Amino acid sequence: MSAFLSIRNLSLVLKGGPRLLRSVSLDVEAGEVRGLVGESGAGKSMIGKAVLGILPRSVEVVEGEIWLDEVDLLKLRPSERRRKIGATAALIPQDPLTALNPSRRVGPQVTDRLVDILGWKRADAQARALELLAEVHIPDPARVMRSYPHELSGGMRQRVLIASAFAAEPKLIVADEPTTALDVTVQKQILHLIARMQARHGTALLFVTHDLGVVSKVCGSLAVLYGGLVVEQSPVRDFFRQPAHAYSRALLAATPKYTDPMAGLNPVPEAVITAVQAEVAQADASWRNGGWRHD
Amino acid sequence: MILRRLLSRLATTLVTLLGVSVIVFVTIRVVPGNPIAMMLPPGATEADIDRLRALYGFDRSIMEQYFIWLWGVVQGDFGTSIQSRQPVLRLVLNRLPATLELSIMALVIAVVIGGFLALTGTRLRGTRTEGAIDVTSGMALSVPDFLWGLVLILLFGVLWPVFHISGRISPQLTSEFTTNFFLFESVVRLRFDLWRDLVSHMFMPALALAIPLAAIISQLLKQSLKETMHLDYVTLSRTKGYGENHVIIREALPNAVLPTLTLVGVQFTFLIGGTVIIERLFSYEGLGNMAIDAVINRDLPLIQGIVILFAVLFTVVNLFVDMLYAVLNPRLRHA
Ligand SMILES: Nc1ncnc2c1ncn2[C@@H]1O[C@H](COP(=O)(O)OP(=O)(O)OP(=O)(O)O)[C@@H](O)[C@H]1O
Ligand SMILES: [Mg+2]
């Protein structure tokens, strides 16, 4: 298996309910930036959560494999899985205002993984954190380490979280809409920062977003999701030149143009929706006939 | 910052105490019952009664009596007990340690039991154990503390007598102490023989007081922990490789404690109020027991003194909780 992250045929269900992911297969090569797009509720975040082992309790994996760094996470015991994920992957969360613990100082929240999970010496972890905070352009890192989250601005907190994600040199980072909760003025800076950090550290990045404009700038390839089904996977260059799937084409047409934001805002046509929904139903039918579930 | 809060709280406290003193003063003088008549043997003459009334100042108007009393209080004189003819302040301060030790022991028991149940219930949320914890604490709450006292007396005093059911300490040991903080002193002097005797007296009344509070802590803290467990920083901590126990204790608990703390403060003052009946039930020589005697004897100066002391205790507890909240919450600490 060459890909660093390889999701094979992953299906998730809401307990006693419908499938949320429909036999998703997705590879992320080492060092690659993979975009994950689709409308709200398509299951983008679920993929990220499955990879990081933080699925809600109400969601169940019914089939599939998640290979991370040559091991199938779903075959590990829970404690081993946690450690494997903690040591090789990291999350850049969506909302920096809620992703830092308000009653703990910032420093320990950056160094805790290094010390507790990876067994670094406290002093080394401290030095590493300072170095990373400087790298994400936080002025006076030593003071920030001693602060509480409420003393920092949203953009500052997101920088801290980015530094924290890169601190252990993970091979894979999942970024789930890392800029949507931020002020428009800082969104671009943070985006540039993530792209620059990714390039410098050579980390594979699974980038969840609504925004095809962002994808075109940061990602090397992308997967388009509809209703928990991957309808298309392409290199970004091919995708923007010639999307393979009708739904992708409609999605692209619905995206405001970078050059002229007001032009070409076409909602996805009814016919396209009907077609892709039929595809989803078809997938479910053959899945059931395949013997995974009899209900 | 904290000092300013403290000062403004002290000011309001003073006003509260004045109000309380007026209400108590008036109430115990308008309810029926004549303290003087209870002091004199049958057959005392009108003249005897009038002389005694004048001695205790009961011949003056209530307003006059109040200001005389208040003037005394300002000088540290809370009057003289009618029953025992001793200064109220000394009587009350002698009993205070017994009640304080009982209340604090009850609080510790409640926090330990309630905290343990809340953490266990959160760890095992969604399982039968959590259901059992909910049912148990619901039951514990629906029975008041003095009934728990009776139940405990029946269980551990009568059916399986392992604890003393009466008094604070075995009488022959009383002379061993130099202060009235028996429990505290026994620990400091490493006299664990005394300590054991004290605890075997205190444990049941303290447990009876603690059970309802433990139930409240368990319910509130568990609720608050479960809400906190969904927050982003808890999820982020999981992705770092941390397991359930670590996440509950280090990420969720410090934040979940805050909303619980305020309510526990209020409930603790109720618990102190509960000592009145519990002390009576267990013949525990504390303030509450003394208060009931004072009411039976219409010992007006003593009642006033005890009520004021309880009011002071309540406000001190509230003040302490306020300060603790400010210290534990980083957003207030640096504001
Ligand atoms: N905690 C949860 N419990 C049950 N179902 C959930 C939960 N979170 C999300 N879902 C459902 O799972 C599906 C996929 O959700 P997901 O969060 O992955 O969407 P998304 O593509 O990330 O959308 P968005 O762009 O709005 O973030 C949705 O239908 C949603 O309703
Ligand atoms: Mg999402």
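Summary of the structure given here. Owing to the predicted nature of the structure, the values given are computational and were not obtained by experimental measurement.

1. A few points about the site of ligand 1
All names here are of chain A.
Step number 1: Taken together, the neighbourhood of ligand 1 is formed by 14 residues, with S40, G41, K44, S45 and M46 sitting nearest.
Step number 2: Separating an oxygen atom of ligand 1 from a backbone N or O atom of G41 is a distance of 2.8 Å.
Step number 3: Computed on the free molecule, ligand 1 has an accessible area of 630 Å², of which 65% lies beneath the protein chains in the complex.
Step number 4: Per-element tally for the shell around ligand 1: the top contributor is helix α1 (residues 44-52), with three residues.

2. Regarding the sheet that holds strand β5 (residues 71-72) of chain A
All names here are of chain A.
Step number 1: Across the sheet, four strands lie side by side as β2-β1-β4-β5; this open sheet has antiparallel pairing. A strand with exactly one partner marks an edge of an open sheet, and here the two such strands are β2 (19-28) and β5.
Step number 2: Taken together, the eight bridges between strand β1 (residues 5-14) and strand β4 (residues 59-68) define a ladder with antiparallel strand orientation. Across the sheet, residue V13 finds its bridge partner in β4, namely E60.

3. Describing the interface of chain A and chain B
Where the parts come together, the accessible area they lose is often given as the size of the interface.
Step number 1: Counting residues at the interface gives 27 residues for chain A, matched by 21 residues for chain B.
Step number 2: Summed over both sides, the interface between chain A and chain B buries roughly 2,200 Å², with carbon and sulfur atoms accounting for 53% of that surface.
Step number 3: Connecting chain A to chain B are four salt bridges.
Step number 4: The partner of D112(A) in a salt bridge is R250(B), and the shortest N-O contact between them spans 3.9 Å.

4. Observations concerning the pattern of salt bridges
Step number 1: Counted according to the given criterion, the structure contains 30 salt bridges over all chains.
Step number 2: Notably, a salt bridge pairs R19(A) with E63(A), separated by 3.9 Å at the nearest N-O pair. Placement of the pair is R19(A) in strand β2 and E63(A) in strand β4, with a sequence separation of 44 residues.
Step number 3: On the basis of relative accessible area, E63(A) is assigned to the buried category, the value being 7%.
Step number 4: Here the salt bridges do not stand alone but share partners, grouping R104(A), D112(A), D116(A), K240(B), R250(B) and E251(B) into one network.

5. With respect to the packing of aromatic side chains
Step number 1: By the definition in use, this model includes 14 aromatic pairs over all chains.
Step number 2: Aromatic pair F239(A) and F240(A): ring centres 5.3 Å apart, planes at 80 degrees, arrangement edge-to-face.
Step number 3: Classification of F239(A) by relative accessible area gives buried; the value is 0%.
Step number 4: On the numbers, 6.5 Å between centres and 75 degrees between planes, the contact of F192(B) with W195(B) is edge-to-face. Remark: W195(B) and F192(B) occur in helix α9 (residues 192-228); sequence separation between them is three residues, near one turn of the helix.
Step number 5: One aromatic cluster in this structure is built from F25(B), Y66(B), F67(B), W69(B) and F78(B).
Step number 6: Between R29(B) and the ring centre of F25(B), over which it is positioned, the NZ or CZ distance is 3.6 Å.
Step number 7: When the ring centre of F182(B) is taken as reference, the NZ or CZ atom of R168(B) above it lies at 4.1 Å.

6. Concerning the pairing of strand β8 (residues 204-208) of chain A
Residue and element names in this part refer to chain A.
Step number 1: Within β8, five of the five residues are buried, which leaves the element mostly enclosed by the surrounding structure.
Step number 2: In β8, alternate side chains face the same way, and those of A204, L206 and V208 on one face and L205 and F207 on the other are all buried.
Step number 3: Of the pairings in the sheet, the one linking strand β7 (residues 172-176) to β8 comprises five bridges and is parallel in character. The partner of D176 across the bridge, within β8, is V208.
Step number 4: Between β7 and its parallel partner β8, the chain crosses via helix α7 (residues 184-201), and the hand of that crossover is right-handed.

7. Some remarks on the packing of helix α6 (residues 128-142) of chain B against α9(B)
All names here are of chain B.
Step number 1: For the pair α6 and α9, the least separation of the axes is 8 Å and the interaxial angle reads 140 degrees. As far as their axial angle goes, α9 and α6 are oblique. Helix-helix and strand crossings are classified by hand; for α6 and α9 the assignment is left-handed. Mapping the contact onto sequence places E130, I133, D134, S137, G138, A140 and L141 in α6 and I211, P212, A215, I216, S218, Q219, K222 and K226 in α9.
Step number 2: Its residues placed into classes, the contact of α6 with α9 shows seven nonpolar, four polar and four charged.

8. Side note on a nonpolar patch on the surface
Step number 1: On the surface, V22(B), V26(B), V30(B), V31(B) and I62(B) cluster together into a nonpolar patch covering about 350 Å² of accessible area.
Step number 2: The element best represented in the nonpolar patch is helix α1 (residues 2-30) of chain B, accounting for three residues.

9. Considerations on the layout of surface pockets
Step number 1: Estimated volume of the largest pocket: approximately 1,300 Å³.
Step number 2: In this structure, the largest pocket is lined by 36 residues; those nearest its centre are G53(A), I54(A), L55(A), P56(A) and R238(B).
Step number 3: Those elements that place two or more of their residues in the lining of the largest pocket are α1, β4, α2 (78-88) and β7 of chain A together with α10 (232-239) of chain B.
Step number 4: Top element by residues in the lining of the largest pocket is α1(A). It accounts for five residues.
Step number 5: Class assignment for the residues of the lining of the largest pocket results in 16 nonpolar, seven polar and 13 charged.

10. So, the sheet that holds β8(A)
Residue and element names in this part refer to chain A.
Step number 1: Strand order in the open sheet formed by six strands is β6-β7-β8-β3-β9-β10, with mixed pairing between adjacent strands. Each edge of the open sheet is held by one strand with a lone partner, namely β6 (89-92) and β10 (229-235). For this sheet the average axis-to-axis angle between neighbouring strands, irrespective of direction, equals 20 degrees.
Step number 2: Judged from the five bridges that link them, strand β3 (residues 33-38) and strand β9 (residues 221-226) form a sheet pairing that is parallel. In the sheet register, G35 faces β9, and the bridge partner there is L222.

Rules of the game
- Residues numbered from 1 in each chain as written.
- Chains lettered and ligands numbered in written order.
- Predicted model: local features only at pLDDT ≥ 70, side-chain atom pairs only at ≥ 80, totals over all residues.
- Heavy atoms only, no water.
- Near = heavy atom within 4 Å.
- Polar contact = N/O pair within 3.5 Å; in protein donor to acceptor, adjacent residues only side chain to side chain.
- Areas by Shrake-Rupley, 256 points an atom, 1.4 Å probe, with all protein chains shown as cover.
- Helix = DSSP H or I, 4+ residues; strand = E, 2+ residues; numbered from the N terminus.
- Pairing = 2+ DSSP bridges.
- Contact = heavy atoms within 4.5 Å.
- Buried area = accessible area lost by both parts, 1.4 Å probe.
- Salt bridge = Lys/Arg side-chain N within 4 Å of Asp/Glu carboxyl O.
- Buried < 20%, exposed > 50% of the residue type's maximum accessible area, 1.4 Å probe, protein only.
- Phe/Tyr/Trp six-rings, centres within 6.5 Å; stacked < 30°, edge-to-face > 60°.
- Lys NZ or Arg CZ within 6 Å of the ring centre and 35° of its normal.
- Right-handed = clockwise from strand over helix to strand, strands pointing away.
- Axes fitted to C-alpha atoms, helices over the stretch in contact; angles between N-to-C directions.
- Parallel < 35°, antiparallel > 145°, perpendicular 65-115°, else oblique.
- Left-handed = near helix turned anticlockwise from the far one by under 90°.
- Nonpolar A, V, L, I, M, F, W, Y, C, P; charged D, E, K, R; others polar.
- Patch = residues over 30% accessible without salt bridge, like charges linked within 9 Å, V, L, I, M, F, W, Y side chains within 5 Å.
- 1 Å grid on protein atoms, 1.4 Å probe; cavity = no way out; pocket = protein on both sides within 12 Å on 5 of 7 lines; lining within 4 Å.
- Points joined across faces, edges and corners; volume = space filled by probe spheres on them.

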